[in-house]
Amino acid sequence: MNIVRRLRLGHLRSVGCRLYSGKDQSKNVSVSKPEEKPKEKEKGDHANKVTKVTLINGEGVGPELMNAVQEVLCAAKVPIEWDIHDQYMAPDSENVSTEILDSLRANKVGIKGPVDSRHWQRQIRKQFAQFAYVALCAHIEGLDTPYGDFDVVIIRDQMEGDYSGIEHRVVPGIVQTIKVSTTTGAARLAEFVLNYAVEHNRKKITVAHKANIMKLTDGNFLEAMRAQHEKFVDKVKYQEHYLDTCIMKILMNPKKSDVLVSSSMYGDVMRVIAGGMMGVPGICPGYSVSSLGTVFDCRMKACHALAGKDLANPTGPLLSAVLMLRHVKLDKHADQVECAIRGVYRDTDIRTQDVGGKAKCSEFVKAICDRLEQENE
């Protein structure tokens, strides 16, 4: 290894990286090699256990992005066995293939590339009762934007609200979509949100709504959030804002936002905006929540026009993979991968074209892998 690369690796270790485990965590977390731990402790961190993960390539640039994930995690020597699925649809329809459903049921954890089909997305949510989506949007040092440093979690409903998928034609020329809010669904999401905030040391929850207009549906959502907050009143601050006010506040002063919560459509809007604040919408990692299994993805578009051209930005899928590693208790590997990603942005000018650079996807991935391989020498 040449001297310059050694110095840059030393810089990465010394400055550390802000990790996604909680907002009040120190921004200078050391990633230097830890002292030897007892074997019992290593087992507790899944050090010697191989985790089987369902990998769905998706469409468009999806296979390239999932290949990037595999390459980076291989460079980090992550103990994962991939169950790879190239075909994401059933042979005769847009339904989720039986093989993918069986794999996710068996493995309980998966990561996916982009799939544009709304029917496919809706079906996998219903098959696995993926009632919530969590997006972790945080500033990446070195990726300059007008918004400065911020760290926001957006949690939205996925099963109800405007995205319930219930539409019909009333009479010719008049169509109707039905917004659904059940007490059970709202309470389930509220319970998850408050528990998430406490577990991840988040201090404030802001609910975005339009209950001034949709008094029954959004009103039901607010009632559930208020009732659940009563159990955590001493641990988490709670506030409510109209959706437009909430968006204005995150744009004007993003540092004051912590956990933003809403029904399906509102949350999707906020997620796209917050991703754009990071640099580009597809860069924001996340995952779908279900007791049956957790699926990680960053909600990128398939971008068919870029497929096969080595131009896609793998940052979002790679950061989603970091979240996946934390989920399966491979925290040491997660730290290494995240620090390598952030280090490339902070210490180099290697960028894909969508964020103002000239690098190919493969060149960006290689820069990350080089850092990981240096770390493991």
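Right above here is the structure, for reference.
Below: a short report on this structure.

What counts and what doesn't
Residues numbered from 1 in each chain as written. Predicted model: local features only at pLDDT ≥ 70, side-chain atom pairs only at ≥ 80, totals over all residues. Heavy atoms only, no water. Patch = residues over 30% accessible without salt bridge, like charges linked within 9 Å, V, L, I, M, F, W, Y side chains within 5 Å. Areas by Shrake-Rupley, 256 points an atom, 1.4 Å probe, with all protein chains shown as cover. Salt bridge = Lys/Arg side-chain N within 4 Å of Asp/Glu carboxyl O. Lys, Arg positive; Asp, Glu negative; His and termini not counted. Charge placed at Lys NZ, Arg CZ, Asp CG, Glu CD. Helix = DSSP H or I, 4+ residues; strand = E, 2+ residues; numbered from the N terminus. Buried < 20%, exposed > 50% of the residue type's maximum accessible area, 1.4 Å probe, protein only.

A surface patch of like charges, here positive, comprises Arg118, Arg122, Lys126 and Lys301. Relative to the elements of secondary structure, Lys301 occurs in the loop between β12 (294-296) and α10 (315-327).

So, about the pattern of salt bridges. For the coordinates displayed, the defined rule picks out 17 salt bridges. Taking the shortest distance from any N to any O, the salt bridge between Asp258 and Arg202 comes out at 3.0 Å. Here the residue Asp258 occupies a position in the loop between α8 (243-252) and β10 (259-262), and Arg202 occupies one in the loop between α6 (183-199) and β8 (204-209), the gap between them amounting to 56 residues. Using a relative accessible area of 3% as the deciding quantity, one classes Arg202 as buried. With its nearest N and O atoms 2.9 Å apart, the salt bridge here joins Arg326 to Asp335. Here the salt bridges share partners, and the residues they tie into one network are Arg326, Asp335, Glu338 and Arg342.

To continue, consider a nonpolar patch on the surface. A grouping of Val170, Val171 and Ile174 is seen on the molecular surface, where their side chains present a nonpolar patch of about 240 Å² in accessible area. Along the chain, the position of Val170 falls in strand β6 (residues 161-171).

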